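What follows is the residue order along each chain.
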Amino acid sequence: MYGKFKDHLIKEIKDIHEAGLYKDERIIVSPQGAEIELETGQKVLNFCANNYLGLSNHPKLVKAAEEGLETHGYGMSSVRFICGTTDLHKTLEKKIAEFFGTEDTILYAAAFDANGGVFEPLLTAEDAIISDSLNHASIIDGVRLCKAQRYRYPNADMEALEKVLIEAQAQRFRVIVTDGVFSMDGNVAPVDKMVELAEKYDAMVMVDECHSAGVVGKTGRGVSEHFDIMGKLDIITGTLGKAFGGAVGGFTTGHKEIIEMLRQRSRPYLFSNSLPPAVVNAGIRMFDMMSETNELQDKLHANTDYFMEKMTAAGFDIKPTQSAICAVMLYDAKLSQDMAAKLLEEGIYVIGFYFPVVPKGEARIRVQLSAGHEKAHLDKAIAAFTKVGKELNVIK
Ligand SMILES: *Cc1c(COP(=O)(O)O)cnc(C)c1O
């Protein structure tokens with residue numbers, strides 16, 4: 001039975017290769033960190049992880065994970081509402097709400113699930129979801145699962161958003177949804193303007209803080225701290241898989257009635273396994289760290305400023321960033337791949353992105369800074385970029 005389907009897949013995969021879109025995995029044999037070791041034996045500096053606070057292998061989190069294992073075991077073998085809720089899960093939910101200044105939080109296996117399970121339980125065909133054109137795939141999928149009317153506006157375009165809000169007055173409820181930080185440019189969504197428009201046109205605001213939580217704002221509270229609008233967002237989704245330790249897990253946090261309804265009706269919550277205690281206990285420790293000290297945010301922000309300044313001085317064309325994502329613009333797809341390959345030879349691990357991940361003619365190398373980087377790491381990366389940039393005539 002498989003024969004024809006097999007041929008079909010082989011052809012499709014060949015097409016992916018020919019389009020230059022085939023994704024290979026580079027194999028790492030060390031823990032995640034600023035310095036990693038590849039299967040080839042090569043040691044490289046990592047500038048492409050979402051390990052913004054350098055917590056992926058932090059001794060305190062490793063220890064907390066071990067303690068979680070010891071006190072609560074390995075797996076939960078249940079969804080939350082049957083027998084998958086421990087005291088640890090409740091504590092972590094509370095800590096997340098405290099961090100964001102919200103009323104309550106619901107945990108998911110991933111932010112992909114949080115976004116996938118947030119719209120359908122809350123909105124019907126009578127309502128409207130208004131989405132930024134560059135929103136994450138998980139938001140797009142979540143919107144698809146919901147019967148609400150769909151509206152879209154071009155990335156961060158607040159004039160267009162206003163027009164759409166006027167159109168959407170026909171619906172019962174309106175939710176504007178945006179990524180907090182857009183992962184390819186590093187720009188922060190103009191959430192202050194969105195909140196103003198939401199007040200004017202009777203809408204709610206949802207922000208996916210996956211790339212902004214822990215990173216943006218002086219103490220890492222995300223876009224609402226950045227714009228000084230704490231408490232004005234109706235729904236926040238986020239991940240434990242990026243700045244917050246990098247393991248796994250997602251959450252939705254916000255008004256208590258919204259969270260209560262999600263616990264009743266959100267399908268990825270109801271029909272998928274509970275997070276393991278090791279991850280949850282490390283998450284608790286991580287949020288404790290966030291309230292004890294601002295060292296990591298301070299270091300990350302200093303590292304980002306330093307890198308941006310030196311790279312700009314070296315002559316690179318860098319998109320202005322408000323996050324820890326720094327897009328080194330090259331425009332040409334092949335150049336982005338050649339440059340990333342040469343940088344790897346220099347011991348700098350970065351990824352070149354091109355169409356369709358970014359618009360045509362806007363190929364780039366995306367650098368992700370981390371509090372785990374020391375100044376020597378940054379200097380080595382800047383020197384390598386400068387050397388390779390000259391070789392490839394990107395800079396003079
Ligand atoms: C990474 C990311 C997600 C998915 O997070 P996971 O917890 O890995 O599922 C969702 N939204 C945005 C904006 C992201 O960047």
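Above: the structure in question.
Note that this is a predicted model, so its numbers are computed, not measured.

Draft legend 1. How the structure looks around the overall build of the protein chain. Helices and strands together make up the secondary structure of the protein chain, namely 15 helices and 13 strands. For a compact globule of 396 residues, the expected C-alpha radius of gyration is about 21 Å, and the protein chain comes in at 22 Å, within 12% of that figure. Projecting the C-alpha coordinates of the protein chain onto the three principal axes gives extents of approximately 60 × 60 × 55 Å. The buried share of the protein chain, reckoned over its 396 residues, is 52%. Considering only intrachain contacts with a sequence separation of at least 6, the fraction spanning at least 24 residues in the protein chain is 68%.

Draft legend 2. How the structure looks around the layout of surface pockets. Estimated volume of the largest pocket: approximately 1,100 Å³. Lining the largest pocket are 29 residues, with K23, D24, I351, G352 and F353 positioned closest to its centre. The dominant element in the lining of the largest pocket, judged by the number of residues it contributes, is helix 14 (residues 333–345), at four residues. Looking at the lining of the largest pocket, its residues break down into 17 nonpolar, seven polar and five charged. Empty space within the second largest pocket amounts to approximately 510 Å³. Along the walls of the second largest pocket sit 23 residues, with L134, N135, S183, M184 and V357 positioned nearest its centre. Here the residues of the lining of the second largest pocket are counted per class, giving 12 nonpolar, four polar and seven charged. Each of domain 1 (24–52 + 294–391) and domain 2 (59–292) accounts for three or more of the residues forming the lining of the second largest pocket.

Draft legend 3. Region of the structure containing unusual backbone geometry. In this structure, the amide linkage connecting F355 to the following residue, P356, adopts the cis form with an omega of 10°. Locating P356 in the fold gives a position in the loop between strand 12 (351–353) and strand 13 (363–368). With a phi angle near 60°, A156 is a residue other than glycine that sits in the positive phi range. Secondary-structure assignment places A156 in the loop between strand 5 (149–153) and helix 7 (158–167). For A156, a relative accessible area of 25% corresponds to the partly exposed category. For D202, which is not a glycine, the phi torsion comes out positive at approximately 55°. Among the structural elements, D202 can be located in the loop between helix 8 (191–200) and strand 7 (204–208).

Draft legend 4. Broad picture of the environment of V175. Relative to the helices and strands, V175 resides in strand 6 (residues 174–179). When the C-alpha atoms of V175 and D127 are compared, they prove to be 8.3 Å apart, with 48 residues separating the residues in sequence. Not counting residues within four places of it along the chain, the set of residues in contact with V175 comprises L123, A128, I129, I130, M204 and M206.

Draft legend 5. Examining the sheet that holds strand 11 (residues 348–349) more closely. If you trace the three strands from one edge of the open sheet to the other, you get 1-2-11, paired in mixed fashion. Because the sheet does not close on itself, it has two edges, and the strands there are strand 1 (35–37) and strand 11. As judged from the two bridges shared by strand 2 (residues 43–46) and strand 11, these two strands associate in the parallel manner. The residue of strand 11 that forms the bridge with N46 is Y349.

Draft legend 6. How the structure looks around the packing of aromatic side chains. Scanning the model with the defined rule gives 10 aromatic pairs in all. Residues F99 and F287 carry aromatic rings whose centres are separated by 5.3 Å and whose planes lie at 70° to one another, so their mutual orientation is edge-to-face. In this pair, F99 sits in helix 4 (residues 87–100) while F287 sits in helix 12 (residues 277–292), placing the two residues 188 residues apart along the sequence. Like F287, F99 is buried.

Draft legend 7. Representation of the sheet that holds strand 8 (residues 235–239). Taking strand neighbours across the sheet as the criterion, the seven strands line up as 3-9-8-7-6-4-5 in an open arrangement whose pairing is mixed. Sheet topology places strand 3 (104–108) and strand 5 at the edges, where each strand pairs with a single neighbour. The sheet shows a mean angle of 20° between the axes of neighbouring strands, taken without regard to direction. Bridge count between strand 4 (residues 128–132) and strand 6: four bridges; the pairing is parallel. Across the sheet, S131 pairs through a bridge with V177, a residue of strand 6. Where helix 4 meets the sheet, it contacts strand 3, strand 8 and strand 9 (250–254), and its direction lies at approximately 125° from that of strand 3. Helix-sheet contacts for helix 10 (residues 256–265) involve strand 3, strand 8 and strand 9, and the interaxial angle to strand 3 is about 30°.

Conventions and cut-offs
- Residues numbered from 1 in each chain as written.
- Predicted model: local features only at pLDDT ≥ 70, side-chain atom pairs only at ≥ 80, totals over all residues.
- Heavy atoms only, no water.
- Helix = DSSP H or I, 4+ residues; strand = E, 2+ residues; numbered from the N terminus.
- Rg over C-alpha atoms; globule rule 2.2 N^0.38 Å.
- Buried < 20%, exposed > 50% of the residue type's maximum accessible area, 1.4 Å probe, protein only.
- Contact = heavy atoms within 4.5 Å.
- 1 Å grid on protein atoms, 1.4 Å probe; cavity = no way out; pocket = protein on both sides within 12 Å on 5 of 7 lines; lining within 4 Å.
- Points joined across faces, edges and corners; volume = space filled by probe spheres on them.
- Nonpolar A, V, L, I, M, F, W, Y, C, P; charged D, E, K, R; others polar.
- Domains from an automatic or database assignment.
- Pairing = 2+ DSSP bridges.
- Phe/Tyr/Trp six-rings, centres within 6.5 Å; stacked < 30°, edge-to-face > 60°.
- Axes fitted to C-alpha atoms, helices over the stretch in contact; angles between N-to-C directions.

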